[in-house]
Amino acid sequence: MIDLKYLQNNFEEASAKLQKKGVETATLEKLQILFTSLKEANATLESMKAEQNSMSKLFGQYKREGKDISELKAKVDANKEAMVPVQEKAREAEEALYAVALAIPNFPDDSVPEGADEEDNVEQRRVLEPRSFDFKPKEHWELSEINGWIDFERGVKLAKSRFAILKGEASRLERALINFFLDMNREKGFEEYSVPFINNATMLQGTGQLPKFGDDLFKIEDEDLYLIPTAEVPLTNMYNDEILSEKELPLLMTGYTPCFRKEAGSAGRDTRGIIRQHQFNKVEMVAIAHPDKSEEVFDLMVKNASDILTALGLPHRVVELCGGDLGFSAATTIDLEVWLPGQNQYREISSISNTRDFQARRAKIRFKDGKKNRLVHTLNGSALAVGRTIVAIMENYQNEDGTIEIPEVLKKYM
RNA sequence: CGGGAGAUGUCAGAGUGGUCGAAUGUGCCGGUCUUGAAAACCGGUGAGGGUAAUACCUCCGGGGGUUCGAAUCCCCCUCUCCCGGCCA
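Overview of the structure. Just so it is clear, the structure is predicted and the values come from calculations on it, not from any experiment.

Criteria and thresholds
- Going along each chain's sequence as written, the residues are numbered from 1 onward.
- Chains carry letters from A onward and ligands carry numbers from 1 onward, assigned in written order.
- Two thresholds apply to this predicted model, a pLDDT of at least 70 for residue-level local features and 80 or more for giving and counting side-chain atom pairs, whereas whole-chain, interface and lining totals are computed over all residues.
- Excluded from the side-chain calculation are hydrogens and water; included are all heavy atoms of the structure.
- Each residue is placed in one exposure class: buried if its accessible area under a 1.4 Å probe, protein chains only, is under 20% of its type's maximum, exposed if it is over 50%, and partly exposed if it falls in between.
- Numbered from the N terminus, helices here are DSSP runs of H or I no shorter than four residues, and strands are runs of E no shorter than two.
- Picture the helix axis, draw a direction to every C-beta atom, and the arc is the one those directions span.
- Working rule for contacts: check all heavy atoms of both residues, and any pair within 4.5 Å makes them a contact.
- A pair of strands counts as paired when DSSP detects no fewer than two bridges linking them.
- In this analysis an axis means a line fitted to C-alpha atoms, helices contributing only their contacting stretch, and an angle means the value between N-to-C directions, from 0 to 180 degrees.
- We define the nonpolar core as a collection of buried residues of types Ala, Val, Leu, Ile, Met, Phe, Trp, Tyr and Cys that are connected through side-chain atoms lying within 4.5 Å of one another.
- Nearness is defined per residue: one heavy atom within 4 Å of the molecule or strand is enough.
- Throughout this description, a polar contact denotes any pair of N or O atoms lying within 3.5 Å of each other; where both atoms belong to protein, one of them has to be capable of donating a hydrogen while the other can accept it, and for residues adjacent in sequence the pair is counted only when both atoms sit in side chains.
- Each residue gets one label: Ala, Val, Leu, Ile, Met, Phe, Trp, Tyr, Cys and Pro are nonpolar, Asp, Glu, Lys and Arg are charged, and the others, such as Gly, are polar.

Re unusual backbone geometry
A cis amide bond, omega 5°, links Leu-210 with the succeeding residue Pro-211. The phi dihedral of Asp-241 falls on the positive side, at around 60°, and the residue is not glycine. Residue Asp-241 is classed as partly exposed on the basis of its relative accessible area of 47%. Phi at Lys-364 takes a positive value of approximately 55°, unusual for a residue other than glycine. Structurally, Lys-364 can be placed in the loop between α11 (358-363) and β13 (365-369).

So, in structure tokens, the structure goes:
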């Protein structure tokens, strides 16, 4: 959630920032009005409560002294009755405020480039030269057919469209990649965790998926539980509603989980192959950092993800997302896009974001800064998306006959 | 899933209608003592809102109720522990 006090005191600046993300000023004006009316309602209610409290104290005193309480009782009853509508108003004001506030995206950093969509993202650098082929490289789903690696039909039979089965060497490659990623992350100081793949609504709200993006989640029937769309949710929320000590920061975490996404808005995109599935595996990095240090943690995470791709010999580019392409919770995001010769384009394989204090405010993650409690910064990034790495290996390591070489660093894992 | 017990500050744990945001111990921070450390002793130390700062308001698992007044009484829910059932 954004800082409402900041919005109130610096309205022009705040609304200019959010314009980068396409939030209309009218929405923010509405939010500001709701915030003001909540404060007013609370002020009225609290003074009435104060009066009620002090009269109640008197009540006890009168009784002890054997005084007549009938007049006091009449006053206290009247005040109590008068409080009912005020209380209702305050409750409504709060509900109305949070309904709007929780749907406002994070402020982008000042450094974030202007732009409407991915067309306006800014390429920072390329790593590794794409290999030149003396034959026409195939797409991964064609290669899958030749090697019998992916069973799309039976995946659909088991669940529905956009579910697939990996077979034999492909399945072992997947397992090898997960281990390789976890080992690389651990070497950089990320502690490994194995977490629940189902989280409750409070946690989903903490990281920003709820309430606005409930349609993208698989919900467990009759339970307050959801399949996680990313390990960012459990890893970040491990510290939900906690106060950390400054010396334990930064907390660097990594974990492998499957990710479940309805992707309600993606009909028709990447329908062929395993680029976009309802279930995919991912190894995630999450960091909880001191607000003054989150920048360097962010750089570490970007470097780590890029180093993993380099170790695998996969050409990629580093792209800074523009305001319009930035996710809901992110203040700044770097995407790593891997080269897919079959598709003849770069495709996202990792997304690394600093959410600043946006998730921390929602999830109430703080640390002791001397005597005061301050919000931490939370960061997350893939290292890496496993399914898309398989696609990248297939397309980059293919031979003319359609067979696929296994990258050197993975051989000891298979 | 059935039976029983419970949920209070970092943790342990007292508190059964007003004097309780809450004893005591522990942890943590600061100090005295010490060459230094430990021990001992002294002081400080929950969270959120509100304010220029006070005042003030809210929070004793969550929600509702009784009462002038609820950590304390009543109802519902969740979770934890023990016993049994089932089970990787």
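A word on helix α2 (residues 11-19)
Within α2 the residues assigned to the buried category are Phe-11, Ala-14, Ser-15, Lys-17 and Leu-18. Seen along its axis, α2 keeps its buried residues to an arc of 155°; they face one direction. At its buried positions, α2 is contacted by α1 (4-9) and α3 (25-65).

Focus on the sheet that holds β13
Taken together, the 3 strands give an open sheet; going across it, the order is β7-β13-β14, and neighbouring strands pair in mixed fashion. Each having just a single partner strand, β7 (242-245) and β14 (372-375) make up the two edges of the open sheet. Going across the sheet, the axis of each strand differs from the next one's by a mean of 40°, ignoring polarity. The pairing of β13 with β14 spans 4 bridges and is classified as antiparallel. The residue of β14 that forms the bridge with Phe-367 is Arg-374.

Here we look at the nonpolar core
Counting 48 residues, the largest nonpolar core has Leu-177 and Phe-181 as its most contacted members. When contributions to this core are tallied by element, the ones reaching two or more residues are α7 (169-187), β9 (279-289), α10 (294-311), β11 (332-340), β12 (345-354), β15 (377-385) and α12 (386-396). Sorting elements by how many residues they give to this core places α7 first, with 8 residues. Excluding residues that lie within four positions of it along the chain, Leu-177 makes contacts with Leu-312, Val-386, Thr-389, Ile-390, Ile-393 and Leu-410. With 22 residues, the next largest nonpolar core counts Phe-11, Val-23, Leu-31 and Phe-107 among its residues.

So, the protein's contact with RNA strand B
Surrounding RNA strand B, one finds 20 residues, the nearest of these being Asn-53, Ser-56, Lys-73, Lys-368 and Asn-373. When atoms of RNA strand B within 4 Å of the protein are sorted by moiety, sugar and phosphate together comprise 76%. In the environment of RNA strand B, a base nitrogen lies 2.7 Å from a nitrogen or oxygen atom belonging to the backbone of Ser-56. A distance of 2.7 Å is found between a phosphate oxygen of RNA strand B and a side-chain nitrogen or oxygen belonging to Lys-73. If you list the elements that add at least two residues to the surface near RNA strand B, you get α3, α4 (70-101) and β13. Among the elements that make up the surface near RNA strand B, the one with the highest residue count is α3 (10 residues). Within the surface near RNA strand B, the residues separate by chemical class into 4 nonpolar, 5 polar and 11 charged.

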